[in-house]
Amino acid sequence: MTGKAGPLSQERVLIVEDRYLLASELAREVERLGGQVVGPARTLGQAAELVGREPVQAVLLDINLDGELAFPLAEALADREVPFLFLTGYDADILPDVWRAWPRLAKPVDPRQLEAALVGLVEAKS
Amino acid sequence: MVANDTGQGGIGAADGPRPEPSPLYDYIRNLEAELAVARGRLQVTIEELESANQELKASNEEYLLINEELQSANGELETSQTELRALNEELKTVNGELAQRIGELRRANSDLKNLMESTQIATIFLDNALTLRSFTPATWQVFHLIDSDIGRPIAHFTAQVQYPELLDDARHVLKSLAQVEREVAGRQDDRRFLVRVLPYRSIDNVVAGVVVTFMDISTAARAEAALRSSERRLSEAQRLAGVGVWEWNLDTDERWWSAGAYQLWGVPPSGPQDRPLPIHPDDGRQVAADHERARRTGELDHEWRVLRPDGSMRWLAAKGRIESSPGSRRMLGVIQDITERKQTETRLKMLLGELQHRVRNILSVVRSIVDRTVRSSSGLEELSAHLTGRLDALARTQGVFARTGDAAVELEELIREELVAVAARDDQMSLRGPALRLRRQAAETLALAIHELCTNAVKYGALSEPAGRLDVSWRVFDGDGGRRLSLEWCESGVRALDVRPSHRGFGRELIERGLPYELDASTTLEFAMGGVRALIELPLSDKIAELGAPASAPPESGAHEALQ
């Protein structure tokens, strides 16, 4: 997946999402914005492996991966200072306290919001 | 006499007898004779006088004697008189006392009469023969007696209470001198009387009959019965509701708990001051703060956890309000086990989370399907047909799960639903395979893929012409790393399969990329002679299918509990 020119300018974005249709849709969006897609990963294991193997500038992280919660990976990413944002159907009040204020996009994801959030994520990093 | 004596002596002594007779002499002789006579007489008289004198003397002495006796008698009389006077005094005193006693007695009698007339207690006095001696006006409620009935046997009267044992009781009391007490009911109403039969003792402690009192305790009995049933209802309600009652004296800090409250605490009933209540260590400070606030505001409403001695953890809630009475400030309230409510709240929150997740995920999928269908359709008609079919397929799977409420769905049911939706005829198809229950996400994805195969078959393949035939078969087998599902979609009898999709359509992408991504499946899709042949093979992990015990919990719920 080769990125084109765009606001993400070749930044590598890892997508962690268990539904194929949603993952491919996100990938399309990232590529449209000029980023390079890493993954997508369906499980925490796959995602952790990718993060360990390849440089990643940003992560889009679905919280519920077919019943598996993504918070352990979120902690690892935060520790390694990899910028990420949650994509989820959950409301804030049901999330654990520590993640309640973390950047989050509600599903279904609005492409414009996704763009703004991704750009913000990459800019904050640099 | 003295004069006589002197005259006589003078003449006799001075003159003797004289010799010359003369007249004078004669005269003198006469005189002398007369004198002698007179003297004799005088002598007699003197003698008589002397004797009289003597007698007088004796008399006088007697008089003296009598006088003395009289004097002595007089003295005695005086003494008697004094005694009589004293006696009289005493009698006066006694009389006064008697009058006082009589006055007291009259008062006492009057008091007694007033008491008898004013008392609401029906009382009858019977003598030893059980005839009526007296009764109080209040007796009217029990016996209809009038004053003229006094003296008649009590057995002649009918009581207004159900008390046939009256005569037996009275006789028994007369014999044993012990009192009898019993409760009797009214004859025609629901009044109740407390009857006491006592021996009648006179002042000198002689038993002279019996006293029977009838005390109307209807009000008290009714109140007591009402109180009893109210208390029973209250305690039953407390028991059923799992509610305990408590009281807290804010001045002395003393606390009282009902038996039910102790049960909620999980400790045996005893003075709660004696032992600390098993408040969860994490909640101790909050509870103390709540109590402090309750002291200020006069109202308590809080929830906390207890760690019961048996190791179980329960949620309790207490509500209370201050009750100020002069001299003491007390808070009265209830305590309740709200563990189930808390668990339900947690579960509801969990289910709400699950619902949010599913709804938004499925909306995301819908949106993605719409986008893709729009991108791949050449016209509105095609767009509409494809979109409707796909959304319907999605809806059907949702419907199956919603209808059964199960966490899994039979593979055969899932395939059949899709075939029914495209109106495939039973005589041109067969479904063969073992029972297999697929979990929600796998079922959703697989159903979408089957739907694409169905619509393709209806449009171009086996279901598009009468001679076409569709055989769907699947099997479960043990492969590397566990059990696997192999599903074959085999169309035959299609005369000309001239429409080979040149671009990667939605269905093809789903089968060739979506299934491998989501289910780790390996898939082949062939447009061979005679029809389409698709082969889908995937590992039956716990997340994909319900293996073994069908009652195992769906993985989602595990995840959501972790979310809490």
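Just above, that's the structure.
Figured I'd write up the structure that's included with this text. (Residues numbered from 1 in each chain as written. Chains lettered and ligands numbered in written order. Predicted model: local features only at pLDDT ≥ 70, side-chain atom pairs only at ≥ 80, totals over all residues. Heavy atoms only, no water.)

## Comments concerning the overall build of chain A
- Counting secondary structure elements, chain A contains 4 helices and 7 strands.
- From first element to last, N terminus to C terminus, chain A shows the α and β order β-α-β-α-β-β-β-α-β-β-α.
- The buried share of chain A, taken over its 126 residues, is 56%.
- A sequence separation of at least 24 residues applies to 64% of the contacts in chain A between residues at least 6 apart. (Helix = DSSP H or I, 4+ residues; strand = E, 2+ residues; numbered from the N terminus. Buried < 20%, exposed > 50% of the residue type's maximum accessible area, 1.4 Å probe, protein only. Contact = heavy atoms within 4.5 Å.)

## Overview of the pattern of salt bridges
- Tallying each qualifying case throughout the model produces 58 salt bridges over all chains.
- For the salt bridge of A:Lys107 with A:Glu17, the shortest nitrogen-to-oxygen distance reads 3.0 Å. Of this pair, A:Lys107 sits in the loop between β7 (104–106) and α4 (111–125) while A:Glu17 sits in the loop between β1 (12–16) and α1 (20–32), placing them 90 residues apart in sequence. Taken individually, A:Lys107 and A:Glu17 each receive the classification buried, so the pair is uniform in this respect.
- With its nearest N and O atoms 3.2 Å apart, the salt bridge here joins B:Asp427 to B:Arg425.
- Judged by its relative accessible area of 57%, B:Asp427 falls in the exposed class.
- Each member of the salt-bridge network shares a partner with another, and the members are A:Arg12, A:Glu49, A:Arg53 and A:Glu54. (Salt bridge = Lys/Arg side-chain N within 4 Å of Asp/Glu carboxyl O.)

## Topic: the packing of aromatic side chains
Residue and element names in this part refer to chain A.
- In this structure the tally under the stated criterion is 13 aromatic pairs over all chains.
- Look at Phe86 and Trp99: their rings are 5.6 Å apart centre to centre, the planes differ by 90 degrees, and that puts the pair in the edge-to-face class. Of the two residues, Phe86 is situated in strand β6 (residues 84–88) and Trp99 in the loop between β6 and β7; the sequence distance between them amounts to 13 residues. Neither residue differs from the other here; Phe86 and Trp99 are each classed as buried. (Phe/Tyr/Trp six-rings, centres within 6.5 Å; stacked < 30°, edge-to-face > 60°.)

## Digging into a nonpolar patch on the surface
- Where nonpolar side chains cluster on the molecular surface, the patch consists of B:Leu24, B:Tyr27, B:Ile28 and B:Leu31 and spans about 400 Å² of accessible area.
- By the element assignment, B:Leu24 lies in helix α2 (residues 23–118). (Patch = residues over 30% accessible without salt bridge, like charges linked within 9 Å, V, L, I, M, F, W, Y side chains within 5 Å. Areas by Shrake-Rupley, 256 points an atom, 1.4 Å probe, with all protein chains shown as cover.)

## Section: the nonpolar core
- Counting residues in hydrophobic clusters, the biggest one holds 41 residues, and the most contacted among them are B:Leu411, B:Ile415, B:Leu419, B:Leu438 and B:Trp489.
- Those residues within four positions of B:Leu419 in sequence are excluded, and the remaining contacts are B:Ala424, B:Met429, B:Leu431, B:Cys454, B:Leu463, B:Leu470 and B:Trp489.
- Counting residues in hydrophobic clusters, the runner-up holds 26 residues, among them A:Leu14, A:Val56, A:Leu69 and A:Leu77. (Core = buried A, V, L, I, M, F, W, Y, C linked by side-chain atoms within 4.5 Å.)

## Here we look at unusual backbone geometry
- Following A:Gly39, the chain continues into A:Pro40 via a peptide bond in cis, with omega recorded as -5 degrees.
- Counting through the fold element by element, A:Pro40 comes out in strand β2 (residues 36–41).
- Each neighbour pair has its own omega, and for A:Lys107 with A:Pro108 the value is -10 degrees, a cis peptide bond.
- Here A:Pro108 lies in the loop between β7 and α4.
- The phi angle at A:Glu81 is positive, at roughly 55 degrees, despite the residue not being glycine.
- For A:Glu81, the position within the fold is in the loop between α3 (71–79) and β6.
- Relative accessible area serves as the criterion here: at 60%, A:Glu81 is assigned to the exposed category.
- Phi at B:Leu130 is positive, roughly 60 degrees, even though this residue is not glycine.
- Examined against the element boundaries, B:Leu130 turns out to sit in the loop between β1 (122–126) and β2 (132–135).
- Classification of B:Leu130 as buried rests on a relative accessible area of 8%.

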